[in-house]
Amino acid sequence: MTLTLELLLILVCLFYGARKGGVALGLLGGIGVVVLVFAFHIPPGKPPVDVMLTIVAVVAASATLQASGGLEVLLLLAEKVLRRNPKYVSILAPFVTTFLTMLCGTGHVVYTMLPIIYDIAIKNGIRPERPMAGSSIGAQMGIIASPVSVAVVSLAAFLAKAPAGAPVIDFVTLLSITIPSTLAGVLMIGIFSWFRGKDLDQDEDFQKLIADPENRKFVYGETATLLGKALERGQWVAMWIFVGAIAVVATLGAFEALRPSFAGKPLSMVLTIQMFMMMAGAFIIIFTKTNPATIGKTEVFRAGMIAVVAVFGVAWMADSVFEANLPIIKDALADLVKTQPWTYAVALLIVSKFVNSQAAAISAMVPVALSIGVPPGYVVAFAAACYGYYILPTYPSDLATIQFDRSGTTHIGKYLINHSFILPGLIGVSTSCVIGYILATARGLV
């Protein structure tokens, strides 16, 4: 009975915090910890300090890239790819936003690309819903495949502390599964998007809309583009510093011998990521004209710090409950998860929807899963299930996509659940989980 009340407390905090948005999710976790400690007399768990510090380092570097204008270089290159292949925008656009997220570690880069994707689609007679909904989903799916995303560094840190005897899954092994499985999911989204909905010339609602000259002018509008924008040398320098740091981190992860050893153990990848991300941000400031005062004002920094607070509160609250009730939870769930590991993926998906954050979902579920005996291989195989907030169209990028689509083809249905993002999300995430499981099995991890 006590455990039920404690779990109910967690759910209430998650629900209310998610509804309030912003840092509320993490702060509500603080209420949960206080109630657990003082009312239920549960010893407080351990906040994931390593995870939080890694997030701070990665976010600081990514925000510095944005403040320097280096992010515009990546966006301009992405637009060139799309405009050279307008007929294939429904397949290419989701890949473009996925790769941008993989490089930058945040799905917020999609906002700049959305008006460009819309412009390419509508000017070429392509139903905007096709590339736009897929691009919004692809941008979020890229998070679990990014070496510098909050979700991946959090997952890597938790896997590094997996129980003794479990297969060791290092940073590179993790990405060797999440990257191809994510790209497979995005490919399926593109194939589905190519055929979805009516063509614009066959869509009665669209034709009725543009029959009015004013509406037609609004729908087709002026061209949104970054082409022709003059880029300064410092922006290119910043971009190459950031991309170079990611390449170095990946190399050090792949070749353990390149990392210095202390007490017979190589430097951990968690610390390696922290060091090189901080250094990348510093180099951008040193070798470009970036004003350090603007870094903290960027969207990347704001979103990243919110993630830190969310991980702090959610993970601390969840760890307190599950650590105090570990024997009971193991008896109740261990056999089920071991015999039907897909149930872990479903639980992760549901929690993700509640908290609207892949990093927060991982912080809440992965330590619990590992502690009750879920093999780390399954945790990695089903990593894509940490993205479940497409189920309801409440996430900012989805709402922004609807606003950017002036044709009205990207929409929320009458019954709320039947919106433009639900099918691409289900197809992409389920495909990624299946491919992830196949890859993990082939590697002997499950």
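Keep in mind that what you see is a predicted model, and the values were worked out from it rather than measured. (Residues numbered from 1 in each chain as written. Predicted model: local features only at pLDDT ≥ 70, side-chain atom pairs only at ≥ 80, totals over all residues. Heavy atoms only, no water.)

## Describing the overall build of the protein chain
Test applied: Secondary structure is summarised from DSSP: a helix means a run of H or I of at least four residues, a strand means a run of E of at least two, and numbering begins at the N terminus for each. In this description the radius of gyration comes from C-alpha coordinates, and the expected globular size is given by 2.2 Å times residues to the power 0.38. The buried label applies to any residue whose accessible area, calculated with a 1.4 Å probe on protein chains only, is under 20% of its type's maximum; exposed applies above 50%, and partly exposed to all values in between. Here, Shrake-Rupley sampling with a 1.4 Å probe gives the accessible areas, and only protein chains in the shown set may cover a residue. Under the convention used here, Asp and Glu are negative, Lys and Arg are positive, and both His and the chain ends fall outside the count. Just so you know, the charge point we use is NZ for Lys, CZ for Arg, CG for Asp and CD for Glu.
Assigned secondary structure in the protein chain consists of 20 helices and 2 strands. Taken against the 2.2 N^0.38 rule, which gives 22 Å for 446 residues, the C-alpha radius of gyration of the protein chain at 22 Å falls within 12% of a compact globule. A burial count over the protein chain gives 53% of its 446 residues as buried. Element-wise, carbon and sulfur atoms account for 67% of the exposed surface of the protein chain, whose accessible area totals about 19400 Å². Within the protein chain, the 24 negative side-chain charges are centred at a point lying 4 Å from the centre of the 29 positive side-chain charges.

## Some points on the side chain of Thr-409
The criterion, for reference: Side-chain atoms alone can form a polar contact between residues adjacent in sequence; in general such a contact is a pair of N or O atoms within 3.5 Å, and within protein one must be able to donate a hydrogen while the other accepts it. The contact criterion used throughout is that any non-hydrogen atoms of two residues lie within 4.5 Å.
Here Thr-409 lies in the loop between α19 (396-404) and α20 (422-442). Looking at Thr-409, its side chain comes within polar contact range of the main-chain nitrogen of Glu-129, at 3.1 Å. Reaching out from Thr-409, the side chain makes a polar contact with the side chain of Ser-407 at a distance of 3.1 Å. What Thr-409 contacts, discounting residues up to four positions off in sequence, is Arg-127, Pro-128, Glu-129, Leu-200 and Ser-420.

## Brief notes about the nonpolar core
The test is simple: As used in this record, nonpolar core signifies buried Ala, Val, Leu, Ile, Met, Phe, Trp, Tyr and Cys residues forming a set joined through side-chain atoms within 4.5 Å.
Counting 131 residues, the largest nonpolar core has Met-113, Leu-155, Met-277 and Val-379 as its most contacted members. Apart from the residues lying within four places of it in its own chain, the contact partners of Met-277 are Ala-57, Val-58, Ala-61, Val-148, Ala-245, Ile-246 and Val-249.

## Remarks on the state of the cysteines
Definition in use: Counting rule for disulfides: a pair of cysteine sulfur atoms within 2.5 Å.
By the definition in use, this model includes 0 disulfides. Lacking any disulfide linkage, Cys-386 is separated from the closest cysteine sulfur, that of Cys-433, by 8.8 Å.

## Quick look at the pattern of salt bridges
As a working rule, side chains carrying opposite charge can pair if their charged atoms are close by. The following threshold applies: A carboxyl oxygen of Asp or Glu within 4 Å of a side-chain nitrogen of Lys or Arg is what we treat as a salt bridge.
Applying the stated criterion across every chain, the model contains 8 salt bridges. A salt bridge links Arg-196 to Glu-129, with the nearest nitrogen and oxygen atoms 3.6 Å apart. Of the two residues, Arg-196 is situated in the loop between α9 (171-195) and α10 (204-210) and Glu-129 in helix α7 (residues 129-141); the sequence distance between them amounts to 67 residues. You can call Arg-196 buried: its relative accessible area is 10%. According to the relative accessible area criterion, Glu-129 is buried, its value standing at 4%. For Arg-130, the salt bridge identified is with Asp-199, shortest N-O distance 2.8 Å. Here the residue Arg-130 occupies a position in helix α7, and Asp-199 occupies one in the loop between α9 and α10, the gap between them amounting to 69 residues. Looking at Asp-199, the relative accessible area reads 39%, which means it is partly exposed.

## A few points about the environment of Ile-189
Tracing the sequence through the fold places Ile-189 in helix α9. Note on Ile-189: relative accessible area 0%, which makes it buried. The spacing of Ile-189 and Gly-134 is 55 residues in sequence and 6.2 Å in space, taken between C-alpha atoms. Not counting chain neighbours up to four residues away, the residues in contact with Ile-189 comprise Gly-134, Ile-137, Met-141, Pro-424, Ile-427 and Gly-428.

## Brief notes about the side chain of Ser-432
With respect to the helices and strands, the residue Ser-432 is situated in helix α20. In contact with Ser-432, other than residues within four places in its own chain, are Met-141, Ser-181, Thr-182, Gly-185, Ala-381 and Ala-384.

## Points about helix α8 (residues 150-160)
Along α8, 10 of the 11 residues are buried, which leaves the element largely enclosed by surrounding structure. What α8 keeps buried is the set Val-150, Ala-151, Val-152, Val-153, Ser-154, Leu-155, Ala-156, Ala-157, Phe-158 and Leu-159. Close packing links the buried residues of α8 with α3 (49-68), α9, α13 (269-287), α14 (299-324), α17 (358-371) and α18 (376-381).

## Quick word on the confidence of the model for the protein chain
What counts here: pLDDT: the predictor's confidence for each residue, scored from 0 to 100.
Residues of the protein chain with pLDDT of at least 70 account for 95%, and the chain-wide mean is 86. Mean pLDDT values for the elements of the protein chain range from 67 in helix α15 (residues 326-339) up to 96 in α20.

## Observations concerning the packing of helix α4 (residues 70-84) against helix α5 (residues 89-104)
The packing of two helices is summarised by the inter-axis angle and the distance between the axes. Basically, it comes down to this: Where helices are involved, their axes are fitted lines through C-alpha atoms of the stretch in contact, as for all axes, and angles between N-to-C directions lie from 0 to 180°. With respect to orientation, any angle under 35 degrees is reported as roughly parallel, any angle over 145 as roughly antiparallel, any angle of 65 to 115 as roughly perpendicular, and every other angle as oblique. The crossing is said to be left-handed when, going from far helix to near helix, the turn is anticlockwise and less than a right angle, and right-handed when the turn is clockwise.
For the pair α4 and α5, interaxial distance at closest approach is 10 Å and the crossing angle is 165°. Considering their axes alone, α4 and α5 lie roughly antiparallel with respect to each other. Considering the relative orientation of α4 and α5, their crossing is right-handed. Only Val-89, Leu-92, Ala-93, Val-96, Leu-100, Leu-103 and Cys-104 of α5 make contact with α4, whose side of the interface consists of Leu-71, Leu-74, Leu-75, Ala-78, Val-81 and Leu-82.

## Thoughts on the packing of helix α6 (residues 110-123) against α7
For clarity, the cut-off: Residues are grouped as follows: nonpolar covers Ala, Val, Leu, Ile, Met, Phe, Trp, Tyr, Cys and Pro; charged covers Asp, Glu, Lys and Arg; every other residue, Gly included, is treated as polar.
It is the contact of α6 with α7, at a shortest axis distance of 10 Å, that shows an interaxial angle of 160°. Between α6 and α7, the crossing angle belongs to the class labelled roughly antiparallel. α6 and α7 meet at a crossing whose hand is right-handed. Listed contacts from α7 to Val-110, Leu-114, Ile-117, Tyr-118 and Ala-121 of α6 are Pro-131, Met-132, Ser-135, Ser-136 and Ala-139. Taken together, the residues that form the contact of α6 with α7 break down as 8 nonpolar, 2 polar and no charged.

## Let's talk about the packing of aromatic side chains
To keep things clear, this is the line we draw: Aromatic contacts are taken between Phe, Tyr and Trp rings whose centres are within 6.5 Å, Trp giving its six-membered ring; a plane angle under 30 degrees counts as stacked, one over 60 as edge-to-face, and the others as tilted. Here, a charge over a ring means that NZ of Lys or CZ of Arg falls within 6 Å of the ring centre while also lying within 35 degrees of the ring normal.
Per the counting criterion, the structure on display carries 9 aromatic pairs. Ring geometry for Tyr-387 versus Tyr-389: centroids 4.8 Å apart, planes at 65°, classification edge-to-face. Neither Tyr-387 nor Tyr-389 differs from the other in exposure class; each is buried. Taken together, the ring pairs in this structure connect Tyr-378, Phe-382 and Tyr-437 into an aromatic cluster. Of note, Arg-406 hangs over the ring of Phe-218, and the distance from its end group to the ring centre comes to 5.7 Å.

## Quick look at the environment of Val-150
Looking at the element boundaries, Val-150 is found in helix α8. With a relative accessible area of 12%, Val-150 lands in the buried category. Sequence separation between Val-150 and Ala-359 is 209 residues, and the spatial gap between their C-alpha atoms is 5.9 Å. Apart from residues lying up to four places away in sequence, Val-150 is in contact with Ile-55, Val-59, Gly-105, Ala-307 and Ala-359.

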